[in-house]
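Below, each chain spelled out in residue letters.
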Amino acid sequence: DTGVSQDPRHKITKRGQNVTFRCDPISEHNRLYWYRQTLGQGPEFLTYFQNEAQLEKSRLLSDRFSAERPKGSFSTLEIQRTEQGDSAMYLCASSSGQATNEKLFFGSGTQLSVL
Amino acid sequence: AQSVTQLDSQVPVFEEAPVELRCNYSSSVSVYLFWYVQYPNQGLQLLLKYLSGSTLVKGINGFEAEFNKSQTSFHLRKPSVHISDTAEYFCAVSEYSSGTYKYIFGTGTRLKVLA
């Protein structure tokens with residue numbers, strides 16, 4: 001169990017550029033979540049996968065955001081035409097189990113700074 | 001809609017003193033409740049969870065929380081804190097709704113333990 005890993009740890013980009021983040025969940029976990037966390041706030045739900053199916057997207061996820069989990073393993077989160085308001089920590093979490101009572105395992109996050 | 005309120009954004013406390021971090025929630029359906037801890041430069045880790053049964057839940061590092069359904073609260077306590085408990089603490093609810101699982105986090109409480 002190597003835990004949830006996220007890449008890169010930090011990303012600095014200019015406004016208008018596209019960025020892509022990767023998340024590798026714990027290998028046997030079938031559920032994968034993306035959250036966004038800004039300073040002084042708790043993690044905000046963005047989207048959720050069960051295996052390769054994206055089951056829910058938050059209204060926070062504008063059309064510029066897209067997430068994929070093509071083979072039900074790793075996931076990518078892409079932000080197109082980045083804006084300064086996109087600056088945040090992007091967290092990935094995974095879980096497994098048959099009920100909602102399983103715990104989330106979080107990665108260390110990708111810190112995005114849009115200049 | 002479900003929500004989580006953490007009433008204190010920062011709590012300073014002296015080492016070996018007791019501490020209580022407050023959490024209130026609202027939800028229209030049954031929920032599961034969690035406390036997560038985030039140490040500096042690390043991902044969130046599960047501290048404890050309430051699923052059902054005994055309303056007093058014990059977690060790691062000497063923390064415990066009590067579920068109070070009538071007051072819709074899930075306050076976190078520790079009888080004697082250590083410097084190493086300095087971290088950000090997040091209360092969260094998990095609700096199964098419309099075929100998916102959703103975790104909603106509070107805004108966090110920064111616990112600062114003073115020597």
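Each remark here, short or long, concerns the structure printed above.
Now for a look at the structure at hand. (Residues numbered from 1 in each chain as written. Chains lettered and ligands numbered in written order. Predicted model: local features only at pLDDT ≥ 70, side-chain atom pairs only at ≥ 80, totals over all residues. Heavy atoms only, no water.)

## Details of the pattern of salt bridges
Residues and elements named next belong to chain A. Within the structure shown, the criterion is met by 9 salt bridges over all chains. Asp24 is paired through a salt bridge with Arg22; the nearest N and O atoms lie 2.7 Å apart. Relative accessible area serves as the criterion here: at 26%, Asp24 is assigned to the partly exposed category. The salt bridge involving Arg64 is made with Glu83; its shortest N-O contact spans 3.4 Å. Here Arg64 is found in the loop between β6 (53–57) and β7 (65–68), whereas its partner Glu83 is found in the loop between β8 (75–79) and β9 (88–95), with 19 residues between them in sequence. Each of Arg64, Glu83 and Asp86 takes part in one network of salt bridges that share partners. (Salt bridge = Lys/Arg side-chain N within 4 Å of Asp/Glu carboxyl O. Buried < 20%, exposed > 50% of the residue type's maximum accessible area, 1.4 Å probe, protein only. Helix = DSSP H or I, 4+ residues; strand = E, 2+ residues; numbered from the N terminus.)

## Digging into the environment of Asp63 of chain A
Within the element layout of this structure, Asp63 of chain A appears in the loop between β6 and β7. Sequence separation of Asp63 of chain A and Ile79 of chain A is 16 residues, and the distance between their C-alpha atoms is 9.0 Å.

## Some details on the side chain of Ser95 of chain A
Residue and element names in this part refer to chain A. Structurally, Ser95 is set in strand β9. On the accessibility criterion, Ser95 (0% relative accessible area) is buried. The contact partners of Ser95, leaving out residues within four places of it in the chain, are His29, Asn30, Arg31, Tyr33, Glu102, Lys103 and Leu104. (Contact = heavy atoms within 4.5 Å.)

## Remarks on the sheet that holds strand β1 (residues 5–7) of chain A
Each strand in a sheet pairs with its neighbour through backbone hydrogen bonds, running either in the same direction (parallel) or in the opposite one (antiparallel). Residue and element names in this part refer to chain A. Read from one edge to the other, the open sheet built from 4 strands follows the order β1-β3-β8-β7, with strand pairing classed as antiparallel. What marks the edges here is a single partner per strand, and that holds for β1 and β7. Along the sheet, successive strands turn relative to each other by an average axial angle of 15°, direction set aside. (Pairing = 2+ DSSP bridges. Axes fitted to C-alpha atoms, helices over the stretch in contact; angles between N-to-C directions.)

## Details of the interface of chain B and chain A
Contact residues are listed per partner, giving 20 residues for chain B and 24 residues for chain A. Of the roughly 1,900 Å² buried where chain B meets chain A, counting both sides, 57% is carbon and sulfur surface. The interface formed by chain B and chain A includes 0 salt bridges. Where the side of chain B that touches chain A is concerned, the elements lending two or more residues are β5 (32–38), β6 (45–50), β10 (87–97) and β11 (100–105) of chain B. Among the elements that line the side of chain B that touches chain A, the one with the most residues is β11 of chain B, at 5 residues. A class-by-class count of the residues in the side of chain B that touches chain A yields 10 nonpolar, 7 polar and 3 charged. (Buried area = accessible area lost by both parts, 1.4 Å probe. Nonpolar A, V, L, I, M, F, W, Y, C, P; charged D, E, K, R; others polar.)

## Looking at the state of the cysteines
Tallied over the entire structure, the rule returns 2 disulfides over all chains. A disulfide bridge connects Cys23 of chain A with Cys92 of chain A, and the sulfur atoms are separated by 1.9 Å. Disulfide Cys23 of chain A-Cys92 of chain A: the torsion about the S-S bond is -70°, which places it as left-handed. Separated by 69 residues along the polypeptide, Cys23 of chain A in strand β3 (residues 19–24) and Cys92 of chain A in strand β9 bring together distant segments of the chain. Like Cys23 of chain A, the residue Cys92 of chain A is buried in the burial classification. Residue Cys23 of chain B pairs covalently with Cys91 of chain B via a disulfide, S to S 1.9 Å. Measuring the twist about the S-S bond at about -65°, one finds the Cys23 of chain B-Cys91 of chain B disulfide to be left-handed. On the criterion of sequence distance, the pair formed by Cys23 of chain B in the loop between β3 (19–21) and β4 (24–26) and Cys91 of chain B in strand β10 is long-range, its members being 68 residues apart. No difference in accessibility class separates Cys23 of chain B from Cys91 of chain B, as the two residues are buried. (Disulfide = S-S within 2.5 Å.)

Read these as geometric descriptors, not functional statements.
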